[in-house]
Amino acid sequence: MAKKWLLVFIIVVQLISLSGCWDYKDIDKLDFPAAGAYDLHQASKTADTNQEEEEQTVDLTTIIPNISENVKEPFRIETTSGLTIGNAREPKVYSDPGTYSPGVSGVIIFGEDLAASTGLKNVVESLSRAPQTPKTQEFTIAEGRGESILRVPIKDYPSMADYIEGLLRQSHQRGFIPDATLHEFKTNIAPGKNPIMPLLTIKGEKVEVAGAAIFKKGRMIGKANLNETPILMMLRGIKSTGNIPFIIKKDGKMFDKGSVDIKNSRKVKVERNGDDFTFQITIILEGSLAEHQTDKLFTKNEDLRKMIEDQIAADVTEDSKKFIKKMQEEYQVDCIDISKYALAKWRKELKDKVDEDFIGDVNIKVEVKMKLNNVGELT
(Lines give C-alpha, C1' and ligand atoms only; values in the text may rest on other atoms or scores of the structure.)
Protein backbone atom coordinates (compact mmCIF):
# COMPACT_ATOMS: atom_id res chain seq x y z
CA MET A 1 0.00 0.00 0.00
CA ALA A 2 2.82 2.36 0.87
CA LYS A 3 4.40 1.76 -2.52
CA LYS A 4 1.15 2.72 -4.26
CA TRP A 5 0.91 6.01 -2.34
CA LEU A 6 4.57 6.70 -3.13
CA LEU A 7 3.88 6.11 -6.81
CA VAL A 8 0.87 8.45 -6.72
CA PHE A 9 3.00 11.12 -5.02
CA ILE A 10 5.73 10.86 -7.67
CA ILE A 11 3.20 11.10 -10.50
CA VAL A 12 1.58 14.21 -8.98
CA VAL A 13 4.97 15.91 -8.54
CA GLN A 14 5.91 15.13 -12.13
CA LEU A 15 2.62 16.44 -13.50
CA ILE A 16 3.10 19.73 -11.64
CA SER A 17 6.72 20.15 -12.71
CA LEU A 18 6.05 19.25 -16.35
CA SER A 19 3.46 21.99 -16.76
CA GLY A 20 6.24 24.51 -17.46
CA CYS A 21 4.04 27.52 -16.74
CA TRP A 22 5.85 29.09 -13.78
CA ASP A 23 7.62 31.66 -15.97
CA TYR A 24 4.87 31.96 -18.57
CA LYS A 25 4.50 35.31 -20.39
CA ASP A 26 2.05 36.28 -23.11
CA ILE A 27 3.91 36.84 -26.38
CA ASP A 28 2.30 40.25 -26.79
CA LYS A 29 3.92 41.26 -23.49
CA LEU A 30 7.41 40.73 -24.97
CA ASP A 31 9.43 43.12 -27.15
CA PHE A 32 11.33 41.34 -29.94
CA PRO A 33 13.59 43.72 -31.94
CA ALA A 34 13.69 42.83 -35.65
CA ALA A 35 16.76 45.03 -36.27
CA GLY A 36 19.10 47.22 -34.28
CA ALA A 37 21.29 50.22 -35.09
CA TYR A 38 24.37 51.06 -32.99
CA ASP A 39 25.59 54.66 -33.20
CA LEU A 40 28.00 56.93 -31.41
CA HIS A 41 25.86 59.20 -29.23
CA GLN A 42 25.75 62.69 -30.75
CA ALA A 43 26.87 64.37 -27.53
CA SER A 44 29.81 61.94 -27.25
CA LYS A 45 31.57 62.84 -30.49
CA THR A 46 33.97 65.09 -28.57
CA ALA A 47 35.00 62.14 -26.45
CA ASP A 48 37.64 61.09 -29.00
CA THR A 49 39.67 64.19 -28.22
CA ASN A 50 38.75 64.68 -24.58
CA GLN A 51 38.20 61.30 -22.95
CA GLU A 52 39.07 62.52 -19.45
CA GLU A 53 36.25 65.03 -19.37
CA GLU A 54 33.56 63.12 -21.20
CA GLU A 55 32.84 59.40 -21.35
CA GLN A 56 31.74 58.07 -24.72
CA THR A 57 28.19 56.73 -24.89
CA VAL A 58 26.30 54.84 -27.58
CA ASP A 59 22.78 54.98 -29.00
CA LEU A 60 20.73 51.82 -29.54
CA THR A 61 17.87 52.15 -32.02
CA THR A 62 15.52 49.22 -32.54
CA ILE A 63 12.60 48.29 -34.75
CA ILE A 64 10.11 46.39 -32.60
CA PRO A 65 7.10 44.76 -34.31
CA ASN A 66 3.78 45.34 -32.61
CA ILE A 67 2.45 41.82 -32.02
CA SER A 68 -0.75 42.86 -30.26
CA GLU A 69 -3.93 42.84 -32.31
CA ASN A 70 -5.81 46.01 -33.33
CA VAL A 71 -2.73 48.26 -33.25
CA LYS A 72 -2.53 51.16 -35.72
CA GLU A 73 1.17 50.78 -36.54
CA PRO A 74 2.85 47.46 -37.45
CA PHE A 75 6.05 48.42 -35.63
CA ARG A 76 7.67 51.13 -33.53
CA ILE A 77 11.18 52.58 -33.57
CA GLU A 78 12.87 53.47 -30.27
CA THR A 79 16.27 54.94 -29.37
CA THR A 80 17.93 54.64 -25.96
CA SER A 81 21.46 55.48 -24.82
CA GLY A 82 24.06 54.07 -22.44
CA LEU A 83 27.77 53.62 -21.75
CA THR A 84 27.59 50.25 -23.54
CA ILE A 85 25.02 48.48 -25.70
CA GLY A 86 23.99 46.27 -22.81
CA ASN A 87 23.57 49.37 -20.68
CA ALA A 88 21.61 51.12 -23.47
CA ARG A 89 18.97 48.39 -23.20
CA GLU A 90 18.27 49.23 -19.57
CA PRO A 91 16.27 52.49 -20.16
CA LYS A 92 13.68 50.46 -22.07
CA VAL A 93 12.26 49.21 -18.79
CA TYR A 94 11.22 52.78 -17.94
CA SER A 95 9.18 53.31 -21.12
CA ASP A 96 8.22 49.84 -22.43
CA PRO A 97 5.64 47.73 -20.61
CA GLY A 98 6.98 44.59 -22.34
CA THR A 99 10.08 42.54 -21.53
CA TYR A 100 12.91 43.31 -23.98
CA SER A 101 14.35 40.18 -25.66
CA PRO A 102 17.29 41.13 -27.96
CA GLY A 103 18.27 37.65 -29.12
CA VAL A 104 16.03 37.46 -32.20
CA SER A 105 17.29 40.53 -34.08
CA GLY A 106 18.30 39.52 -37.61
CA VAL A 107 20.27 42.65 -38.59
CA ILE A 108 22.64 45.02 -36.79
CA ILE A 109 23.57 48.30 -38.51
CA PHE A 110 26.64 50.12 -37.21
CA GLY A 111 26.95 53.85 -37.73
CA GLU A 112 30.06 55.02 -39.57
CA ASP A 113 31.21 57.27 -36.70
CA LEU A 114 31.07 54.42 -34.19
CA ALA A 115 32.81 51.93 -36.50
CA ALA A 116 35.61 54.36 -37.37
CA SER A 117 36.25 55.80 -33.90
CA THR A 118 35.91 53.22 -31.14
CA GLY A 119 35.65 50.20 -33.44
CA LEU A 120 33.22 47.32 -32.99
CA LYS A 121 35.10 44.70 -30.99
CA ASN A 122 33.91 45.93 -27.59
CA VAL A 123 30.54 47.12 -28.93
CA VAL A 124 29.46 43.60 -29.93
CA GLU A 125 30.56 42.10 -26.62
CA SER A 126 26.98 41.79 -25.40
CA LEU A 127 26.00 39.94 -28.59
CA SER A 128 28.88 37.50 -28.33
CA ARG A 129 28.04 36.57 -24.74
CA ALA A 130 24.29 36.09 -25.26
CA PRO A 131 23.65 32.41 -26.00
CA GLN A 132 20.29 33.23 -27.59
CA THR A 133 21.84 35.59 -30.15
CA PRO A 134 22.14 33.86 -33.55
CA LYS A 135 25.71 33.84 -34.87
CA THR A 136 24.23 34.29 -38.36
CA GLN A 137 23.01 37.76 -37.41
CA GLU A 138 23.75 40.08 -40.36
CA PHE A 139 26.26 42.92 -39.80
CA THR A 140 26.41 46.03 -41.98
CA ILE A 141 27.78 49.58 -41.88
CA ALA A 142 25.79 52.75 -42.59
CA GLU A 143 27.17 55.83 -44.26
CA GLY A 144 26.22 58.30 -41.55
CA ARG A 145 24.07 57.01 -38.70
CA GLY A 146 22.56 53.56 -38.55
CA GLU A 147 19.47 55.06 -36.93
CA SER A 148 18.83 57.07 -40.11
CA ILE A 149 18.70 53.86 -42.14
CA LEU A 150 16.06 52.33 -39.85
CA ARG A 151 13.91 55.46 -39.99
CA VAL A 152 13.66 55.62 -43.80
CA PRO A 153 9.99 55.07 -44.76
CA ILE A 154 9.49 51.69 -46.42
CA LYS A 155 6.79 50.36 -48.73
CA ASP A 156 5.96 46.78 -49.72
CA TYR A 157 7.78 45.35 -46.66
CA PRO A 158 6.56 44.94 -43.07
CA SER A 159 9.46 47.14 -41.90
CA MET A 160 12.94 48.32 -42.86
CA ALA A 161 14.30 45.35 -40.87
CA ASP A 162 12.70 42.91 -43.32
CA TYR A 163 13.95 44.88 -46.33
CA ILE A 164 17.57 45.02 -45.13
CA GLU A 165 17.63 41.39 -44.07
CA GLY A 166 16.38 40.39 -47.53
CA LEU A 167 18.90 42.70 -49.18
CA LEU A 168 21.87 41.27 -47.27
CA ARG A 169 21.01 37.62 -46.66
CA GLN A 170 23.23 35.49 -48.95
CA SER A 171 23.93 38.68 -50.92
CA HIS A 172 27.12 37.28 -52.47
CA GLN A 173 25.00 34.75 -54.33
CA ARG A 174 23.08 37.54 -56.08
CA GLY A 175 25.86 40.02 -56.76
CA PHE A 176 29.22 41.32 -55.63
CA ILE A 177 27.99 42.26 -52.15
CA PRO A 178 29.87 40.96 -49.09
CA ASP A 179 27.81 38.98 -46.60
CA ALA A 180 28.98 39.57 -43.00
CA THR A 181 27.70 37.90 -39.84
CA LEU A 182 28.52 37.99 -36.13
CA HIS A 183 30.41 34.71 -36.52
CA GLU A 184 32.47 36.00 -39.48
CA PHE A 185 33.31 39.22 -37.66
CA LYS A 186 34.67 37.35 -34.65
CA THR A 187 36.62 34.99 -36.93
CA ASN A 188 38.14 37.78 -39.01
CA ILE A 189 39.75 39.70 -36.15
CA ALA A 190 42.21 36.83 -35.59
CA PRO A 191 45.95 37.42 -36.37
CA GLY A 192 46.53 38.10 -40.05
CA LYS A 193 42.82 38.58 -40.79
CA ASN A 194 40.53 41.61 -41.09
CA PRO A 195 36.77 41.87 -41.69
CA ILE A 196 34.87 43.57 -44.47
CA MET A 197 31.16 44.43 -44.34
CA PRO A 198 28.49 45.64 -46.74
CA LEU A 199 28.06 49.41 -46.77
CA LEU A 200 24.57 50.93 -46.85
CA THR A 201 23.59 54.45 -47.87
CA ILE A 202 20.41 56.48 -48.30
CA LYS A 203 19.87 57.52 -51.91
CA GLY A 204 16.84 59.70 -52.38
CA GLU A 205 14.18 57.92 -50.34
CA LYS A 206 15.69 54.46 -50.68
CA VAL A 207 18.31 52.42 -48.81
CA GLU A 208 20.90 50.91 -51.14
CA VAL A 209 24.21 49.06 -51.00
CA ALA A 210 27.04 51.54 -51.62
CA GLY A 211 30.02 49.16 -51.53
CA ALA A 212 32.07 47.61 -48.75
CA ALA A 213 33.52 48.84 -45.45
CA ILE A 214 37.16 47.85 -44.84
CA PHE A 215 38.39 47.12 -41.33
CA LYS A 216 41.66 46.81 -39.51
CA LYS A 217 40.63 44.27 -36.89
CA GLY A 218 37.55 45.78 -35.23
CA ARG A 219 37.90 49.36 -36.53
CA MET A 220 36.71 50.65 -39.90
CA ILE A 221 39.54 52.35 -41.83
CA GLY A 222 38.23 52.69 -45.39
CA LYS A 223 35.45 52.23 -47.93
CA ALA A 224 35.38 50.51 -51.32
CA ASN A 225 32.87 51.89 -53.80
CA LEU A 226 30.65 49.82 -56.08
CA ASN A 227 33.35 49.63 -58.75
CA GLU A 228 36.03 48.49 -56.30
CA THR A 229 33.92 46.02 -54.30
CA PRO A 230 33.77 43.28 -56.99
CA ILE A 231 37.57 43.41 -57.29
CA LEU A 232 37.94 43.30 -53.50
CA MET A 233 35.75 40.20 -53.34
CA MET A 234 37.60 38.48 -56.19
CA LEU A 235 40.98 39.17 -54.61
CA ARG A 236 39.66 38.06 -51.22
CA GLY A 237 38.34 34.81 -52.68
CA ILE A 238 34.69 35.31 -51.77
CA LYS A 239 32.79 33.15 -54.24
CA SER A 240 30.09 35.31 -55.79
CA THR A 241 27.96 35.75 -58.85
CA GLY A 242 27.62 39.02 -60.73
CA ASN A 243 27.72 40.86 -64.02
CA ILE A 244 30.86 42.39 -65.54
CA PRO A 245 30.81 44.73 -68.57
CA PHE A 246 33.42 44.81 -71.34
CA ILE A 247 34.41 47.07 -74.24
CA ILE A 248 36.59 45.76 -77.06
CA LYS A 249 38.37 48.22 -79.33
CA LYS A 250 40.04 47.63 -82.69
CA ASP A 251 42.20 50.20 -84.42
CA GLY A 252 41.06 52.82 -81.91
CA LYS A 253 37.38 52.18 -82.56
CA MET A 254 34.82 50.22 -80.58
CA PHE A 255 34.47 46.74 -82.01
CA ASP A 256 32.06 45.24 -79.44
CA LYS A 257 30.65 45.85 -75.98
CA GLY A 258 28.46 43.88 -73.65
CA SER A 259 28.47 42.06 -70.32
CA VAL A 260 29.03 38.61 -68.87
CA ASP A 261 27.37 36.88 -65.92
CA ILE A 262 30.22 35.28 -64.01
CA LYS A 263 31.21 33.24 -60.97
CA ASN A 264 34.60 33.70 -59.34
CA SER A 265 37.08 31.73 -57.26
CA ARG A 266 40.78 32.10 -56.46
CA LYS A 267 44.00 30.26 -55.71
CA VAL A 268 46.91 31.67 -53.68
CA LYS A 269 50.56 30.62 -53.49
CA VAL A 270 53.23 32.25 -51.36
CA GLU A 271 56.99 32.02 -51.73
CA ARG A 272 59.75 33.37 -49.54
CA ASN A 273 63.32 34.46 -50.17
CA GLY A 274 64.77 35.62 -46.87
CA ASP A 275 62.60 38.54 -45.75
CA ASP A 276 61.00 38.92 -49.18
CA PHE A 277 57.53 37.40 -49.62
CA THR A 278 55.77 36.98 -52.97
CA PHE A 279 52.09 36.13 -53.24
CA GLN A 280 50.69 34.79 -56.50
CA ILE A 281 46.91 35.25 -56.68
CA THR A 282 45.07 33.49 -59.48
CA ILE A 283 41.51 34.73 -60.03
CA ILE A 284 39.36 32.21 -61.90
CA LEU A 285 36.30 33.54 -63.70
CA GLU A 286 33.66 31.50 -65.51
CA GLY A 287 30.43 32.67 -67.00
CA SER A 288 27.93 33.15 -69.79
CA LEU A 289 27.54 36.00 -72.22
CA ALA A 290 24.61 38.14 -71.13
CA GLU A 291 24.71 40.51 -74.12
CA HIS A 292 26.90 42.02 -76.82
CA GLN A 293 26.30 44.54 -79.57
CA THR A 294 28.37 43.55 -82.57
CA ASP A 295 26.49 41.98 -85.45
CA LYS A 296 29.20 39.37 -85.89
CA LEU A 297 28.18 35.82 -84.95
CA PHE A 298 30.39 33.52 -82.93
CA THR A 299 29.81 30.85 -85.55
CA LYS A 300 31.32 33.16 -88.15
CA ASN A 301 34.07 34.67 -85.99
CA GLU A 302 36.07 32.07 -84.07
CA ASP A 303 38.21 34.74 -82.38
CA LEU A 304 35.29 36.65 -80.83
CA ARG A 305 34.96 34.39 -77.80
CA LYS A 306 38.67 34.66 -77.01
CA MET A 307 38.59 38.44 -77.53
CA ILE A 308 35.88 38.77 -74.87
CA GLU A 309 37.72 36.43 -72.50
CA ASP A 310 41.00 38.30 -72.95
CA GLN A 311 39.36 41.72 -72.52
CA ILE A 312 37.62 40.78 -69.25
CA ALA A 313 40.81 39.16 -67.94
CA ALA A 314 42.82 42.28 -68.83
CA ASP A 315 40.26 44.62 -67.21
CA VAL A 316 40.10 42.62 -63.96
CA THR A 317 43.91 42.34 -63.87
CA GLU A 318 44.33 46.10 -64.25
CA ASP A 319 41.67 46.90 -61.63
CA SER A 320 43.23 44.34 -59.26
CA LYS A 321 46.64 46.00 -59.54
CA LYS A 322 45.08 49.40 -58.77
CA PHE A 323 43.27 48.04 -55.73
CA ILE A 324 46.36 46.26 -54.40
CA LYS A 325 48.35 49.49 -54.72
CA LYS A 326 45.63 51.35 -52.80
CA MET A 327 45.53 48.61 -50.17
CA GLN A 328 49.29 48.66 -49.58
CA GLU A 329 49.74 52.44 -49.66
CA GLU A 330 46.47 53.86 -48.30
CA TYR A 331 44.72 51.20 -46.23
CA GLN A 332 47.96 49.50 -45.12
CA VAL A 333 45.97 46.48 -44.03
CA ASP A 334 45.41 43.03 -45.51
CA CYS A 335 41.78 43.28 -46.62
CA ILE A 336 42.15 40.56 -49.28
CA ASP A 337 42.88 37.82 -46.73
CA ILE A 338 46.22 36.46 -48.00
CA SER A 339 48.42 36.82 -44.88
CA LYS A 340 46.98 33.56 -43.57
CA TYR A 341 48.90 31.66 -46.25
CA ALA A 342 52.20 33.02 -44.95
CA LEU A 343 51.15 32.35 -41.35
CA ALA A 344 50.41 28.75 -42.24
CA LYS A 345 54.08 28.28 -43.18
CA TRP A 346 55.98 30.67 -40.92
CA ARG A 347 53.65 31.39 -37.98
CA LYS A 348 56.36 31.56 -35.29
CA GLU A 349 58.26 34.25 -37.17
CA LEU A 350 55.29 36.26 -38.43
CA LYS A 351 52.65 36.09 -35.69
CA ASP A 352 53.90 39.33 -34.06
CA LYS A 353 54.54 41.11 -37.39
CA VAL A 354 51.69 40.12 -39.67
CA ASP A 355 49.33 42.83 -38.41
CA GLU A 356 51.91 45.62 -38.52
CA ASP A 357 53.71 46.59 -41.75
CA PHE A 358 53.79 43.13 -43.29
CA ILE A 359 51.25 43.57 -46.11
CA GLY A 360 52.80 46.83 -47.31
CA ASP A 361 56.20 45.24 -47.90
CA VAL A 362 55.21 42.07 -49.75
CA ASN A 363 55.10 41.54 -53.52
CA ILE A 364 51.64 40.63 -54.85
CA LYS A 365 51.15 39.30 -58.37
CA VAL A 366 47.78 38.71 -60.00
CA GLU A 367 46.78 36.43 -62.86
CA VAL A 368 43.21 36.30 -64.15
CA LYS A 369 41.85 33.32 -66.05
CA MET A 370 38.53 33.87 -67.81
CA LYS A 371 36.44 31.17 -69.48
CA LEU A 372 33.27 31.94 -71.41
CA ASN A 373 31.19 28.79 -71.10
CA ASN A 374 28.09 29.88 -73.00
CA VAL A 375 27.54 32.54 -75.64
CA GLY A 376 23.89 31.82 -76.44
CA GLU A 377 24.58 30.56 -79.96
CA LEU A 378 24.84 27.09 -81.42
CA THR A 379 28.45 26.42 -82.35
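We now turn to the structure provided with this report.

### Considering the pairing of strand 3 (residues 58–65)
Here is step 1: Burial of strand 3 is extensive: seven of the eight residues sit out of reach of the surface.
Here is step 2: With six bridges connecting them, strand 2 (residues 35–40) and strand 3 associate as antiparallel partners. Bridge pairing in strand 3 links alanine 37 to threonine 61.
Here is step 3: Summarising the sheet, strand 3 and strand 4 (residues 75–82) pair through eight bridges and their orientation is antiparallel. Its bridge partner being in strand 4, proline 65 is matched across the sheet by phenylalanine 75.

### A few points about the packing of aromatic side chains
Here is step 1: Tallied over the entire structure, the rule returns eight aromatic pairs.
Here is step 2: Note on phenylalanine 277 and tryptophan 346: the rings are 5.5 Å apart at their centroids and 70 degrees apart in plane angle, and the pair reads as edge-to-face. One end of the pair, phenylalanine 277, is in strand 14 (residues 276–292); the other, tryptophan 346, is in helix 11 (residues 339–350), with 69 residues separating them in the sequence.
Here is step 3: Judged by its relative accessible area of 7%, phenylalanine 277 is buried.
Here is step 4: Arranged with centres 5.2 Å apart and planes meeting at 70 degrees, the rings of phenylalanine 277 and phenylalanine 358 form a pair that is edge-to-face. Here the residue phenylalanine 277 occupies a position in strand 14, and phenylalanine 358 occupies one in helix 12 (residues 358–361), the gap between them amounting to 81 residues. The pair formed by phenylalanine 277 and phenylalanine 358 is uniform in burial state, with each residue classed as buried.
Here is step 5: Among the aromatic side chains, those forming a connected cluster through ring pairs are Tyr38, Phe110, Phe139 and Phe185.
Here is step 6: Its guanidinium or amino end placed over the ring of phenylalanine 255, lysine 250 lies 4.7 Å from that ring's centre, counting from NZ or CZ.

### A word on the pattern of salt bridges
Here is step 1: Applying the stated rule across the entire model yields 16 salt bridges.
Here is step 2: One salt bridge in this structure joins glutamate 112 and lysine 223, with 3.2 Å as the shortest N-O distance. With a gap of 111 residues between them, glutamate 112 in helix 4 (residues 112–117) and lysine 223 in strand 11 (residues 219–224) connect regions that are remote in the sequence.
Here is step 3: We classify glutamate 112 as partly exposed; its relative accessible area is 21%.
Here is step 4: Here arginine 145 and glutamate 147 are joined by a salt bridge, their closest N and O atoms 2.9 Å apart. With respect to class, arginine 145 is no different from glutamate 147; both count as buried.

### Quick look at the side chain of arginine 266
Here is step 1: Take arginine 266: it is sitting in strand 13 (residues 253–273).
Here is step 2: Of the side chains bearing the opposite charge, aspartate 337 lies closest to the buried arginine 266, which forms no salt bridge; the N-O distance is 4.5 Å.
Here is step 3: There is a polar contact of 2.5 Å between the side chain of arginine 266 and the backbone oxygen of leucine 235.
Here is step 4: Of the polar contacts made by the side chain of arginine 266, one reaches the backbone oxygen of arginine 236; its length is 3.5 Å.
Here is step 5: Setting aside residues up to four positions removed in sequence, arginine 266 forms contacts with Met234, Leu235, Arg236, Gly237, Thr282, Ile283, Ile336, Asp337, Ile338, Lys340 and Tyr341.

### Thoughts on the environment of glutamate 78
Here is step 1: Summarising the element assignment, glutamate 78 is placed in strand 4.
Here is step 2: Taking C-alpha positions, glutamate 78 is 9.7 Å from glycine 36, a pair spaced 42 residues apart along the chain.
Here is step 3: Separated by 2.8 Å, the side chains of glutamate 78 and arginine 76 make a polar contact.

### Regarding helix 11
Here is step 1: Taking 1.5 Å of rise per residue, 12 residues should cover 16 Å, yet helix 11 covers just 9 Å from first to last C-alpha, more than 12% shy of that figure.
Here is step 2: Those residues of helix 11 not exposed but buried are Ser339, Ala342, Leu343, Trp346 and Leu350. Buried residues of helix 11 fall within an arc of 150 degrees about the axis and therefore sit on the same side. Those residues of helix 11 that are exposed and aimed more than 90 degrees away from the buried face are Ala344, Lys345 and Lys348.
Here is step 3: On its buried side, helix 11 packs onto strand 13, strand 14 and helix 12.

### Notes on the layout of surface pockets
Here is step 1: By volume, the largest pocket is sized at about 330 Å³.
Here is step 2: Lining the largest pocket we find 19 residues, and of these Asp179, Glu184, Asn188, Arg236 and Ile238 sit closest to its centre.
Here is step 3: Counting residues per element, the ones that place at least two in the lining of the largest pocket are helix 8 (182–187), strand 9 (196–203) and helix 11.
Here is step 4: Sort the elements by how many residues they give to the lining of the largest pocket and helix 8 lands first, with three residues.
Here is step 5: Residues of the lining of the largest pocket, tallied by class, amount to eight nonpolar, four polar and seven charged.
Here is step 6: Taken domain by domain, the lining of the largest pocket gets at least three of its residues from each of domain 1 (26–226) and domain 2 (238–379).
Here is step 7: Put simply, the second largest pocket is a space of about 290 Å³.
Here is step 8: Lining the second largest pocket are 14 residues; nearest its centre among them are Val58, Leu83, Thr84, Asn122 and Val123.
Here is step 9: For the lining of the second largest pocket, the elements supplying multiple residues, two or more each, are helix 2 (85–89) and helix 5 (125–129).
Here is step 10: Split into classes, the residues belonging to the lining of the second largest pocket amount to five nonpolar, seven polar and two charged.

### Thoughts on the sheet that holds strand 12 (residues 241–250)
Here is step 1: Reading across from one edge, 12-13-14-15 is the order of the four strands in this open sheet, with mixed pairing throughout. Either end of the sheet is taken by a strand with one partner, and the two such strands are strand 12 and strand 15 (363–374). The mean inter-strand angle of the sheet, taken between neighbouring strand axes irrespective of direction, is 40 degrees.
Here is step 2: Here strand 12 runs beside strand 13; their pairing, made up of 10 bridges, is antiparallel. For isoleucine 244, the partnering residue across the bridge sits in strand 13 and is valine 260.
Here is step 3: Each of strand 12, strand 13, strand 14 and strand 15 is contacted by helix 9 (residues 228–236), which is oriented at about 35 degrees to strand 13, the strand it contacts most.
Here is step 4: The strands that helix 10 (residues 304–331) touches are strand 12, strand 13, strand 14 and strand 15; relative to strand 15, the one it contacts most, it runs at about 150 degrees.

Parameters at a glance
Residues numbered from 1 in each chain as written. Predicted model: local features only at pLDDT ≥ 70, side-chain atom pairs only at ≥ 80, totals over all residues. Heavy atoms only, no water. Buried < 20%, exposed > 50% of the residue type's maximum accessible area, 1.4 Å probe, protein only. Helix = DSSP H or I, 4+ residues; strand = E, 2+ residues; numbered from the N terminus. Pairing = 2+ DSSP bridges. Phe/Tyr/Trp six-rings, centres within 6.5 Å; stacked < 30°, edge-to-face > 60°. Lys NZ or Arg CZ within 6 Å of the ring centre and 35° of its normal. Salt bridge = Lys/Arg side-chain N within 4 Å of Asp/Glu carboxyl O. Lys, Arg positive; Asp, Glu negative; His and termini not counted. Polar contact = N/O pair within 3.5 Å; in protein donor to acceptor, adjacent residues only side chain to side chain. Contact = heavy atoms within 4.5 Å. Expected span 1.5 Å × (residues − 1). Arc of directions from axis to C-beta. 1 Å grid on protein atoms, 1.4 Å probe; cavity = no way out; pocket = protein on both sides within 12 Å on 5 of 7 lines; lining within 4 Å. Points joined across faces, edges and corners; volume = space filled by probe spheres on them. Nonpolar A, V, L, I, M, F, W, Y, C, P; charged D, E, K, R; others polar. Domains from an automatic or database assignment. Axes fitted to C-alpha atoms, helices over the stretch in contact; angles between N-to-C directions.

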